[in-house]
Amino acid sequence: MIDQEGALPPCNFVIFGATGNLATIKLFPALYRLELAGRLPEVLNFVAFGRRAFDDAGWRDYVRDLLVERCQAAGEPLERFVARFDYVRGDQADPAAYEALKATLAKPKLGVCSHVVFYLAIKPGDFPAVVKNLDKAGLNRPRGLHRIVVEKPFGTDIESAQVLNELLHRHFDESQIFRIDHYMGKETVQNLLVFRFANTLIEPLWNRNYIDHVQITVAEAVGIEKRADYYDKAGALRDMLQNHLMQLLTLVAMEPPAALEADAMRDEKVKVLRCIRPIPKRSVHAHAFRAQYKAGSVAGAQVQGYQDEPGVEPDSVTETYVAAKFYIDNWRWRGVPFYLRTGKRLKEPMSMIALRLRHPPQQLFRETPLEALEPNWIVLSIQPNESMHMELHAKQPGLGMNTHVIRLNASYRGEDEHPLDAYEALLLDVIEGDHTLFIRFDEVEWAWRVVDPILKYWVQERDFIHTYPAGGWGPLEANRLFDAEETEWRNRV
Ligand code: BG6
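Residues numbered from 1 in each chain as written. Predicted model: local features only at pLDDT ≥ 70, side-chain atom pairs only at ≥ 80, totals over all residues. Heavy atoms only, no water.

Draft legend 1. Broad picture of the pairing of strand S11 (residues 321-327). Taken across its seven residues, S11 has seven buried, putting it largely inside the fold. Residue alternation in S11 divides its side chains into two sets, Tyr321, Ala323, Lys325 and Tyr327 and Val322, Ala324 and Phe326, and both sets are buried. Note: strand S8 (residues 288-294) against S11, four bridges, orientation antiparallel. Looking at S11, one finds that Arg290 is bridged to Val322. Of the pairings in the sheet, the one linking S11 to strand S12 (residues 337-343) comprises seven bridges and is antiparallel in character. Within S12, the position partnered with Phe326 by the bridge is Phe338. (Buried < 20%, exposed > 50% of the residue type's maximum accessible area, 1.4 Å probe, protein only. Helix = DSSP H or I, 4+ residues; strand = E, 2+ residues; numbered from the N terminus. Pairing = 2+ DSSP bridges.)

So this is what it looks like as structure tokens:
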């Protein structure tokens, strides 16, 4: 909680998995950028917990080198940041290590902090041991002040998610739990709420009367990046669609919340998920499509196929691409298909939400060169550049009846302004104790319920998967999901 002067409370921030991928690539750079921006509380101590043999000084050198390399960090802010760290060496599964952690948290510099955040940047399989050991050491108390941050994936299906949730609730109250989905921290995603709910111009269009269909795309050029161990068991549906894309869908489709506060927002998101038409087993083919990348060329470089990636089973049928169609059976959206797709090793990184509007009811320009007028679009680009625009038709100046598409551009960042990383916003929210952008368990549960029929069906079909060459826009067969023949994937912002 922020005090009356707006200052953040003194806080200890413990990172499990401090030498892992997530901490290295996302957490430390994001925390450092917050330091640079002067956004970290004056008294904020980091405690890195890991198995590798470091003492405090050695660990600070390690973080310093990492930030110099990744963020070109230097000077006083870097030293201030690095000095915030202590290191606790220990095995997550060993209760004795938590006594060492407790002793570190009691050191004079750290003991003044009433709040402690435990960030689990670790494999989901290790969650139970950490949660139980924190409890055993009494580190989950006092309940109001100590928080735990859990990364996705939250379970691998609805049952395992429920088991994980029960475990968390045995040792922590809901108010202490922060389930993170970093897509909620992306600027365009948050700006979507402003775009929708702060502009009366938009609201009348945002429904089945004007929107023909919605496309949500998260295309990645990268492959699985040494994560075969996790990815080959997960696949794109669990890794991306059940969480990141589903979150985007709820924000596009939700009703205005009663207030911009955590539970009001999350109530509206859950309502959307509950209205998604369940997919019966016999219709999975018509609603979902999966495929896997073969060798190809991405940005001019030859890349290997998924089955040849180190650590992947040679006959794996894990999907690296998934496309799905959902209907939201409520007053606003009934009959409007939401097409979601995501894939690795596609042509280029591109994430966006695109809403295609209906054709005008009268073909007034049929006898003119404008016969095949493209419908209007509203496009919100998330990556690589953040932008928002509407595509409209306007007459070209001159005698003929010729038109061109113009863009009403609502982009909000100058080319020289550095975009915020999603983690920056979310980490600050954890320190402040603001749950608004974090996921409540019923959201997780409903999202699993939506994708569960697809997962169950695919588990039975283990001997075949479609393929697509790396470096393209994915398999053409995914077009079979479209309701209308004229519909195509939008592959440009
Ligand atoms: C993660 C997935 O949650 O999100 C990765 O596990 C994926 O497979 C990543 O690459 C994408 O995040 P971003 O922010 O780069 O779009």
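On we go.
Draft legend 2. Spatial organisation of the site of the ligand. As a structural note, the neighbourhood of the ligand is formed by Lys152, His182, Tyr183, Lys186, Glu220, Arg227, Asp239, Met240, His244, Lys344 and Gln383. Within the contact set of the ligand, an oxygen atom lies 2.7 Å away from a side-chain nitrogen or oxygen of Lys152. Surface burial for the ligand is 81%, taken as the share of its 400 Å² of free accessible area covered by protein chains. It is helix H9 (residues 228-253) that provides the largest number of residues to the shell around the ligand, a total of three residues. (Near = heavy atom within 4 Å. Polar contact = N/O pair within 3.5 Å; in protein donor to acceptor, adjacent residues only side chain to side chain. Areas by Shrake-Rupley, 256 points an atom, 1.4 Å probe, with all protein chains shown as cover.)

Draft legend 3. Broad picture of empty space enclosed by the protein. Inspection of every chain in the model, using the stated rule, returns one cavity of 30 Å³ or more. Volume-wise, the largest cavity comes out at about 140 Å³. Forming the boundary of the largest cavity are 14 residues, of which Phe154, Asp181, Asn243, Ile439 and Val444 lie nearest the centre. Sorting the residues of the lining of the largest cavity by element identifies H9 and helix H13 (441-460) as the ones contributing at least two each. Split into classes, the residues belonging to the lining of the largest cavity amount to six nonpolar, three polar and five charged. (1 Å grid on protein atoms, 1.4 Å probe; cavity = no way out; pocket = protein on both sides within 12 Å on 5 of 7 lines; lining within 4 Å. Points joined across faces, edges and corners; volume = space filled by probe spheres on them. Nonpolar A, V, L, I, M, F, W, Y, C, P; charged D, E, K, R; others polar.)

Draft legend 4. Structural context of the packing of aromatic side chains. Scanning the model with the defined rule gives 29 aromatic pairs in all. Here Trp333 and Phe338 contribute two aromatic rings whose centre-to-centre distance is 5.2 Å and whose plane-to-plane angle is 85°, an arrangement assigned as edge-to-face. Feature note: the residues Phe13, Phe28, Tyr32, Phe46, Phe54, Trp59, Tyr62, Phe81, Phe85, Tyr87 and Tyr119 constitute an aromatic cluster, connected by ring pairs. Here the basic side chain of Lys186 rests over the ring of Tyr183, its NZ or CZ set 4.5 Å away from the ring centre. (Phe/Tyr/Trp six-rings, centres within 6.5 Å; stacked < 30°, edge-to-face > 60°. Lys NZ or Arg CZ within 6 Å of the ring centre and 35° of its normal.)

Draft legend 5. Molecular detail of the side chain of Thr487. Tracing the chain through its elements places Thr487 in the segment after strand S17 (466-469). Taking the relative accessible area as the measure of exposure, Thr487 reaches 6% and is therefore buried. Ignoring any residue separated from it by four or fewer positions in sequence, one finds Thr487 in contact with His213, Gln215, Tyr339 and Phe482. (Contact = heavy atoms within 4.5 Å.)

Draft legend 6. How the structure looks around the pattern of salt bridges. In total, this model carries 35 salt bridges according to the counting rule given. Residues Lys233 and Asp229 are paired through a salt bridge, measuring 3.5 Å at the closest nitrogen-oxygen approach. With Lys233 and Asp229 both in helix H9, this residue pair falls four residues apart, about one helical turn. Judged on exposure class, the residue Lys233 and its partner Asp229 are both exposed. (Salt bridge = Lys/Arg side-chain N within 4 Å of Asp/Glu carboxyl O.)

Draft legend 7. Region of interest: unusual backbone geometry. Going from Lys152 to Pro153, the amide bond is cis rather than trans, its omega being 5°. Note that Pro153 resides in the loop between strand S5 (146-150) and helix H7 (158-171). Note the cis peptide between Gln383 and Pro384, where omega equals -5°. As for its position among the elements, Pro384 is in the loop between strand S14 (377-383) and strand S15 (387-395). Here the phi dihedral of Gln72 falls at roughly 50°; this positive angle occurs in a residue that is not glycine. By secondary structure assignment, the location of Gln72 is in the loop between helix H2 (56-71) and helix H3 (75-82). Of note, Lys226 is a non-glycine position whose phi angle comes to about 60°, a positive value.

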